[in-house]
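# What the coordinates show
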Amino acid sequence: MHISFRMIGILFFLFMAIFFDFRNGELRFEMLTGVCENYDFSKQECASGEKLSTVSLLPLFFDPPSILLISVITFLGSAFRRLGVVGSLEKASHLAKDVGELGAAIGAIHTFMGVFNEAAISQAFGFVFSAYFAGLSISLICSTLANYLRSKEMVYAGQS
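Residues numbered from 1 in each chain as written. Predicted model: local features only at pLDDT ≥ 70, side-chain atom pairs only at ≥ 80, totals over all residues. Heavy atoms only, no water.

### Some points on the overall build of the protein
Counting its secondary structure elements, the protein contains five helices and six strands. Helices and strands appear in the protein in the N-to-C order α-β-β-β-β-β-β-α-α-α-α. Considering only C-alpha atoms, the protein reaches an extent of 70 × 40 × 20 Å along its principal axes. Restricting to contacts in the protein with at least 6 residues of sequence separation, those with at least 24 account for 58%. Here the protein carries 11 positive and 13 negative side-chain charges, and the mean point of each set is 15 Å from the other. (Helix = DSSP H or I, 4+ residues; strand = E, 2+ residues; numbered from the N terminus. Contact = heavy atoms within 4.5 Å. Lys, Arg positive; Asp, Glu negative; His and termini not counted. Charge placed at Lys NZ, Arg CZ, Asp CG, Glu CD.)

What follows is the structure in structure tokens.
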């Protein structure tokens, strides 16, 4: 299988995991958010608490500062000539997970050291897990590319 087909497949399943509502069998690009003390899941409404708002899922999962932070640090920490492309991608895969955790810790420290309330807790977990998501996604892409390139090297080594 060619690498572009594999990457498209991975991105498709990632897209479906994020945007497909399996309960209702439809794509969903928005979600309700806010602090609700008594939420009725069957009616999808808040019986008591603050007024919920609808937000787009795209910026929740694809946070540009997290993606930039993780990408730059991963590149700076893993791109070494002596390792070659495969070795660098393997290192990048592991490092992206670590940098995702670092981003999550930074987000948590900023939020939990500030004014503490339920809305802040909700936002903190959003920041934390979007950084984890970015790190794991970048790691997955690096690992897939490394495995593909390694398998090509094995094929070429076997032919000589």
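After that view, the rundown keeps rolling.
### Focus: the packing of aromatic side chains
Taken as a whole and assessed by the stated rule, the structure comprises ten aromatic pairs. Summarising the aromatic geometry, the rings of F62 and F133 are spaced 5.8 Å apart at their centres and angled 75° between planes, so their arrangement reads as edge-to-face. With a gap of 71 residues between them, F62 in the loop between helix 2 (58-61) and helix 3 (64-78) and F133 in helix 5 (residues 118-159) connect regions that are remote in the sequence. Three or more aromatic residues joined by ring pairs form one cluster here, namely F112, F125, F129 and Y132. (Phe/Tyr/Trp six-rings, centres within 6.5 Å; stacked < 30°, edge-to-face > 60°.)

### A short note on the packing of helix 3 against helix 4 (residues 84-112)
Close contact between helix 3 and helix 4 brings their axes to 8 Å; oriented N to C, the two are set at 140°. Comparing their axes, helix 4 and helix 3 come out oblique. Two packed elements cross with a definite hand, and for helix 3 against helix 4 that hand is right-handed. Of helix 4, the residues touching helix 3 (which contributes L69, I70, I73, T74, G77 and S78) are S88, K91, A92, L95, A96, V99, G100 and G103. (Axes fitted to C-alpha atoms, helices over the stretch in contact; angles between N-to-C directions. Parallel < 35°, antiparallel > 145°, perpendicular 65-115°, else oblique. Left-handed = near helix turned anticlockwise from the far one by under 90°.)

### Some words on the environment of D21
In this fold, D21 is placed in strand 1 (residues 20-21). Separated by 42 residues in the primary sequence, D21 and D63 have C-alpha atoms spaced 21 Å apart. Ignoring anything within four residues of it in the chain, the contact list for D21 reads E26 and R28. At 2.8 Å, the side chain of D21 and the side chain of N24 are in polar contact. (Polar contact = N/O pair within 3.5 Å; in protein donor to acceptor, adjacent residues only side chain to side chain.)

### Section: the state of the cysteines
Summed over all chains, the structure comprises one disulfide. Bridging C36 to C46, the disulfide has an S-S length of 2.2 Å. Across the S-S bond of C36 and C46 the torsion is about 105°, and the bridge reads as right-handed. Here C36, found in strand 4 (residues 36-40), pairs with C46, found in strand 5 (residues 45-49); they are ten residues apart in sequence, far enough to count as distant. (Disulfide = S-S within 2.5 Å.)

### Some words on the environment of L60
Relative to the helices and strands, L60 resides in helix 2. Each C-alpha atom of the pair L60 and S151 lies 35 Å from the other, and the pair is 91 residues apart in sequence. Ignoring anything within four residues of it in the chain, the contact list for L60 reads M31, V55 and S130.

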